Amino acid sequence: MKIPKGKILLSEGELCDKLWYLQSGLVRGYHFAADGQGNFRDVTDWFANEADFFHAADSFVKQVPSRECIETLEASILIYITRTDLYQLYANHPEACCIGRIIAERLLLTHHDLLRDMRTLSAPEKLESFRKRSRELFNRVPQKYIASYLGISENYVSKLKARP
């Protein structure tokens, strides 16, 4: 599928029934969080770029309404398999389960690294860790989404990026 920039692939409350593979482009997952003032802001949970698999994990696995949204940040070319077809593939070809395990392990490690960074690093260290781990994303992702992903202000990200 060829998808334009800014397309919402999944909205909050929808059921995620696809596992996507990103052939080209850039995608993010996000959720809405209350700001304490009665307003909501979107909080970036993850990014996917070329050769990444992505989905709304809770919704896909548990078959419950999604608490997150998925949006293209660049024009993207996507391939997907439905949950039904994926589970049929696993049933008919048990060796395919290894691929699913590897995808799940990669996603788990990425989220584990982020969680550790969020709990232990200062704002400058978070940005530096993201830059080192995801150099290409650091240059491609709009600053406001990096700030949201790292839990720091966009102005602070701008200041930190401007440092020599």
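As a starting point, this report considers the structure included with it. Just so it is clear, the model here is predicted, and its values are computed rather than measured. Each chain has its residues counted from 1, running along the sequence as written. Since the coordinates come from a predicted model, pLDDT governs what is reported: local features require at least 70, and pairs of side-chain atoms require 80 or more to be given and counted, while whole-chain, interface and lining totals use all residues. Each side-chain value is derived from all of the structure's non-hydrogen atoms; neither hydrogens nor water enter the calculation.

Here's the deal with the sheet that holds strand β2 (residues 8-10)
This is how the line gets drawn: When DSSP finds two or more bridges between two strands, those strands count as paired. Runs of E in the DSSP output that reach at least two residues are strands. Runs of H or I that reach at least four are helices, and both are numbered from the N terminus. Comment: axis = line fitted to C-alpha atoms, over the contacting stretch for helices; angle = value between 0 and 180 degrees taken between N-to-C directions.
Pairing is antiparallel in the open sheet, where 4 strands are placed in the order β2-β7-β4-β5. Edge positions in the sheet fall to β2 and β5 (40-49), since each has one partner strand and no second. Neighbour-to-neighbour, the strand axes of the sheet open up by a mean angle of 30°, direction not taken into account. When strand β4 (residues 26-34) meets strand β7 (residues 69-72), the two strands line up antiparallel, connected through 4 bridges. Among the inter-strand pairings, G29 is bridged to a residue of β7, identified as I70.

Details of the environment of L107
Quick reminder of the rule: To sort residues, take the accessible area from a 1.4 Å probe on protein chains only and compare it with the maximum for the residue type: under 20% means buried, over 50% means exposed, and anything in between is partly exposed. Contacts are assigned to residue pairs that have any heavy atoms within 4.5 Å of one another.
On the secondary structure map, L107 appears in helix α3 (residues 97-120). Judged by relative accessible area, L107 falls into the partly exposed class, the value being 26%. Once the C-alpha coordinates of L107 and D52 are considered, the two residues, 55 residues apart in sequence, prove to be 9.4 Å apart. When residues no more than four places from it in sequence are discounted, the contact partners of L107 are F53 and H55.

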